[in-house]
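Chain by chain, the residues:
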Amino acid sequence: MLSYAVFSGITLGGMYALVAMGLTLQYGVSRIMNLAYGELVVVASFAAFVLMTSAGINPVIGLLILIPASFALNWAIYRILLKPLVARAKNRGMLEVDSILATFGLLFIVQGVLLVWFGGNYYSYDFMNSAVNVFGAAIAANRLVALGFAVVIGLGFYLILTRTRIGTALRAVAVDPQSARLVAIDVNFAACFAFALGGAMAAIGGVLVSMFLTFSTSMGVVFTMKALIVVIMGGVGNILGALVAGLILGIAEALVATYIDPGLTIAVTYVIFLLVLLIKPSGLFGRATS
Amino acid sequence: MNIVTFKSDFIKPVILGAIIFAALAFLPSLVDSYYMSLAISITSFAILATAWAMFSGPTRYISLATVVFFGIGAYTVAVLGEILPFPVVLICAALAGTVLALLVGFSTLRLAGVYFVIFTFGLTELVRQVVSWYEVNVTRELGRYIFLDITQDDIYWQLLTLLAVLLLTGFILGRSRLGFALRIIGEDETVAKHCGINVTRVKVALFVLSAVFMTLTGAIMAPRWTYIDPVIAFNPMLSFQVVIMALLGGPRRLLGPILGVIPLTLLFEVLTANFPNHFSIMLGVTFMVIVYLLPGGVIGLYEKYGGPNKPSHPNGPPTTKEKTA
């Protein structure tokens, strides 16, 4: 029971971490507080569902289609919807308010579209649903696959950010957009690229989650919420922080769901969030500035 | 402490407002029940949007949790309505709202605004889950019935009174030290701190005040439903609607939000009647249009073009930040 709870916590936490890495990129580099982020996760889940059930394309292949599609979609969202706000904002605070409002509207549009197409029911599909024995616990193979992908993609993402030129540029913009400009970094491009990359991460999270969890059109808000909490807990813009925080959240949730009540997972999330806010609002690995 | 600076322009708007509200009180004898229910919607949204703007307008802390307080008010009535007399129930509701607002306020308002937004964003989900959990595990019934001897007209009058009190509060606030402190915080928090303002305490005080009005609205509206469950009482759409209304009207002025409430309540009425399945999409689109095309709200538009060039605050000319906001 315990090893099962811990394992499902790690899988879940891995997903949270992956999704939160994308959000920390969007918020840290592009300075967009994207409240519609979770909707993009759910859209990807439904896209994987449609690919699997109507075209017979399994979600692993589906990823190859959905990652670039989501990258392009988020690129377009940034260019069309958010660029005008960036241009209009006088300071970071105003951009924050504007982007919160705009993406809040986007949230309801995306949710509305999904509701019209799919209704309010829970969905799932069959993919590698056989049990595998891991440390004495029977784990569905799809969870293992999802976790494997999360690890590989998360690691790849980390390496891109720390070892490549463009990754370094993104991190520089996250630290200080003004100074980044001085060393010939195209800040506008970096912001747009980071937003699109973050969106692609959301899509990966959505596809992986859909492999082993049921999902519904109204789940987006919860994903956004958890991703935001993970981002804050790990420290805004901190990739490793997001990883650790995501795992903590996932394991805490799985333990509570197994031993206390599955109906209280959001309460756990909030308790953790409150503790972070009260004790260390700059995050586990954040610097002391806010 | 000298809370209110009496000026010659203080008495006139109050008397004018009193006359308008006295006239509105006769509405039930003039129109049929359909228009009464519309009037109730408009009045309740007017309270919610004005209360929202009272805190979020000057501070720019966007609260996405209006429905949490509203739902808590409704639930207080559902739980206590048949045990206690209604005025006492209202007091209990206000207390419940105060406690929650204090909790949220003190844990988030010391920090940057974004923490507050995130906290309120998920708060609805949290409260709904906790209430559902409690109902399922402790009372073993998900829904509750509210049978109170309160007519539609009573609800309307109660709401009207609450709106009058809210507007008067807002009016006095705009001329008080507290309101002034709040505006300084909205302009520049660092400056406010250097002026000796206890920034957190002012923000929490205002947040609590605004939350109490939201809670009372929920409590007054509860008898209208006869049946509530967590999904009905904590519908996030309500928070969303309130934000749109306040933004359309212009959250930086006392009467601004009401200007947004009237057209949008009518629009929602048309949308729910004609496009029940596309309601959310239409709402999202309306919202985007307002955010992109009317950043200052209707009032901002009026101030920008044509209107008499009044200072937007009685205490001084608008700053550059305000004009662009």
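Above this note sits the structure.
Because the structure is predicted, anything quoted here is derived from the model rather than measured.

Participant: Please set out the overall build of chain A residue by residue, giving values where relevant.
Facilitator: Helices and strands together make up the secondary structure of chain A, namely 11 helices and two strands. Counting from the amino terminus, helix and strand elements in chain A follow one another as α-α-α-α-β-β-α-α-α-α-α-α-α. For chain A, whose C-alpha radius of gyration is 18 Å, the value lies close to the compact-globule estimate of 19 Å for 290 residues. C-alpha atoms of chain A, sized along the principal axes, occupy 55 × 45 × 35 Å. The buried share of chain A, taken over its 290 residues, is 51%. A separation threshold of at least 6 residues defines the contact pool for chain A, and within that pool the share at least 24 residues apart is 76%.

Participant: Now, about the overall build of chain B: what can you tell me, with residues and values included?
Facilitator: Looking only at helices and strands, chain B has 15 helices and two strands in total. For chain B, the C-alpha radius of gyration of 20 Å lies close to 20 Å, the compact-globule estimate for 325 residues. Buried positions account for 46% of the 325 residues belonging to chain B.

Participant: Talk me through the interface of chain B and chain A; I want residue IDs and the actual numbers.
Facilitator: Tallying the contact residues gives 31 residues for chain B and 35 residues for chain A. Contributing elements (two or more residues each) for the side of chain B that touches chain A: α4 (86–108), α5 (113–139) and α13 (279–293) of chain B. Sort the elements by how many residues they give to the side of chain B that touches chain A and α5 of chain B lands first, with 12 residues. A per-class count over the side of chain B that touches chain A returns 19 nonpolar, 10 polar and two charged.

Participant: An account of the nonpolar core is requested, with residue identities and associated values reported.
Facilitator: Within the largest apolar cluster, 191 residues are counted, with the highest numbers of intra-cluster contacts made by Val 19, Ala 20, Ala 44, Ala 227 and Val 230 of chain A together with Ala 49 and Ala 74 of chain B. Beyond its immediate stretch of four places on either side in the chain, Val 230 of chain A contacts Tyr 16, Ala 17, Ala 20, Ala 242, Ala 245, Gly 246 and Leu 249 of chain A.

Participant: Kindly report on helix α9 (residues 199–221) of chain B, identifying the contributing residues and their values.
Facilitator: Working note: α-helix, 3.6 residues per turn, so residues spaced by three or four point in the same direction. Compared with the 33 Å implied by 1.5 Å per residue over 23 residues, the 33 Å span of α9 of chain B between its first and last C-alpha is a close match. The element α9 of chain B is largely enclosed, with a buried count of 17 among its 23 residues.

Participant: Account for the packing of helix α6 (residues 165–175) of chain A against helix α8 (residues 187–212) of chain A, naming residues and giving values.
Facilitator: Each pair of packed helices can be described by the angle between their axes along with the distance between the axes. Residues and elements named next belong to chain A. Packing of α6 against α8 leaves a shortest axis separation of 10 Å and a crossing angle of 105°. Relative to α8, the element α6 is oriented roughly perpendicular. Across from Ala 169, Leu 170 and Val 173 in α6, the residues of α8 making contact are Val 187, Ala 190, Ala 191 and Ala 194. Split by residue class, the contact of α6 with α8 holds seven nonpolar, no polar and no charged.

Participant: Give me the lowdown on unusual backbone geometry, citing residues and values where you can.
Facilitator: For Ala 184 of chain A, which is not a glycine, the phi torsion comes out positive at approximately 65°. By secondary structure assignment, the location of Ala 184 of chain A is in the loop between α7 (177–182) and α8. With 7 C-beta atoms packed within 10 Å, Ala 184 of chain A lands in the exposed category. A positive phi angle, near 60°, is found at Thr 226 of chain B, a position not held by glycine. With respect to the helices and strands, the residue Thr 226 of chain B is situated in the loop between α9 and β2 (227–228).

Participant: Explain the packing of helix α11 (residues 236–249) of chain B against α13 of chain B to me, using residue names and the numbers behind them.
Facilitator: All names here are of chain B. α13 packs onto α11 with a crossing angle of 30° between their chain directions and a minimal axis gap of 10 Å. When the interaxial angle is binned, α11 and α13 end up roughly parallel. Where α11 crosses over α13, the handedness of that crossing is left-handed. Seen from α11, the contacting residues are Phe 240, Ile 244, Leu 247 and Leu 248; seen from α13, they are Leu 283, Thr 286, Phe 287, Ile 290 and Val 291. Class assignment for the residues of the contact of α11 with α13 results in eight nonpolar, one polar and no charged.

Participant: An account of helix α3 (residues 59–88) of chain A is requested, with residue identities and associated values reported.
Facilitator: Residues and elements named next belong to chain A. At Leu 82, α3 shows its largest kink, close to 50°, and the proline Pro 84 lies no more than four residues downstream. When we look at burial in α3, the residues that qualify are Pro 59, Gly 62, Leu 63, Leu 66, Ser 70, Asn 74, Ile 77, Tyr 78, Leu 82 and Leu 85. Looking at the packing, one finds that the buried side of α3 touches α2 (37–54), α4 (92–118) and α8.

What counts as what
Residues numbered from 1 in each chain as written. Chains lettered and ligands numbered in written order. Predicted model: local features only at pLDDT ≥ 70, side-chain atom pairs only at ≥ 80, totals over all residues. Helix = DSSP H or I, 4+ residues; strand = E, 2+ residues; numbered from the N terminus. Rg over C-alpha atoms; globule rule 2.2 N^0.38 Å. Buried ≥ 20, exposed ≤ 12 C-beta atoms within 10 Å, placed from the backbone. Contact = placed C-beta atoms within 7 Å. Nonpolar A, V, L, I, M, F, W, Y, C, P; charged D, E, K, R; others polar. Core = buried A, V, L, I, M, F, W, Y, C linked by C-beta atoms within 7 Å. Expected span 1.5 Å × (residues − 1). Axes fitted to C-alpha atoms, helices over the stretch in contact; angles between N-to-C directions. Parallel < 35°, antiparallel > 145°, perpendicular 65-115°, else oblique. Left-handed = near helix turned anticlockwise from the far one by under 90°. Bend = angle between axes of the 7 residues up to and from the residue.

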